[in-house]
Amino acid sequence: MLVADPLNLSAVGRVFAAKGREIQRSLPMLISGTFMAEELARDLSTRFYVLARHFWPGPLTMILPASAKVPLKVTGEHRTPGGRQSRSRVAQALLDWLDHPLIATSANHFRPAPLAAAASTCLA
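Residues numbered from 1 in each chain as written. Predicted model: local features only at pLDDT ≥ 70, side-chain atom pairs only at ≥ 80, totals over all residues. Heavy atoms only, no water.

## Quick look at the environment of S88
Part 1: Summarising the element assignment, S88 is placed in the loop between β4 (82–84) and α5 (89–98).
Part 2: Accessibility expressed as a relative area gives 31% for S88, which makes it partly exposed.
Part 3: With 30 residues separating them in the primary sequence, S88 and G58 have C-alpha atoms 8.8 Å apart. (Helix = DSSP H or I, 4+ residues; strand = E, 2+ residues; numbered from the N terminus. Buried < 20%, exposed > 50% of the residue type's maximum accessible area, 1.4 Å probe, protein only.)

## Examining the packing of aromatic side chains
Part 1: All told, the structure shown has 2 aromatic pairs when counted by the stated rule.
Part 2: Between F48 and Y49, the ring centres sit 5.0 Å apart and the planes meet at 80°, which makes this aromatic pair edge-to-face.
Part 3: Of the residues examined, F48 reaches a relative accessible area of 4% and is grouped as buried.
Part 4: In textbook terms, an aromatic cluster arises when at least three aromatic residues are bridged by ring pairs, as seen for F48, Y49 and W56. (Phe/Tyr/Trp six-rings, centres within 6.5 Å; stacked < 30°, edge-to-face > 60°.)

## Looking at the side chain of S26
Part 1: Relative to the helices and strands, S26 is located in the loop between α1 (9–19) and β2 (29–30).
Part 2: Of the residues examined, S26 reaches a relative accessible area of 15% and is grouped as buried.
Part 3: At 3.2 Å, the side chain of S26 forms a polar contact with the backbone oxygen of T80.
Part 4: For S26, the contacting residues outside a window of four places in its chain are R21, V74, T75, G76, T80, P81 and G82. (Polar contact = N/O pair within 3.5 Å; in protein donor to acceptor, adjacent residues only side chain to side chain. Contact = heavy atoms within 4.5 Å.)

Spatial relationships are all this shows, so hold off on functional conclusions.
Following this line, the structure appears as structure tokens:
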């Protein structure tokens, strides 16, 4: 797992480099809950609150419309980072202590998601 302070642009750049991730794609962030999401996002919908209440803390990452507080380098060109609240008590305690989110992503080298499958690769 790679973890970095999203406000430290040097650290953000090192996460992109380590993953081989395109700079236009946003990085996922761990947040402490809906209060932190409200600080980092704008215009959160009722649907956001329903999903957060049902699935957080947990594995659901929601795409959020970033506020001006989130650096462009973190959000990519679409200004829509992913955010989730971890079930880990250690992660939650760290986020509460820091009072701001953390970039948290796998250490796997980045590969774009496939958009189509070739018919020859499918088994009948």
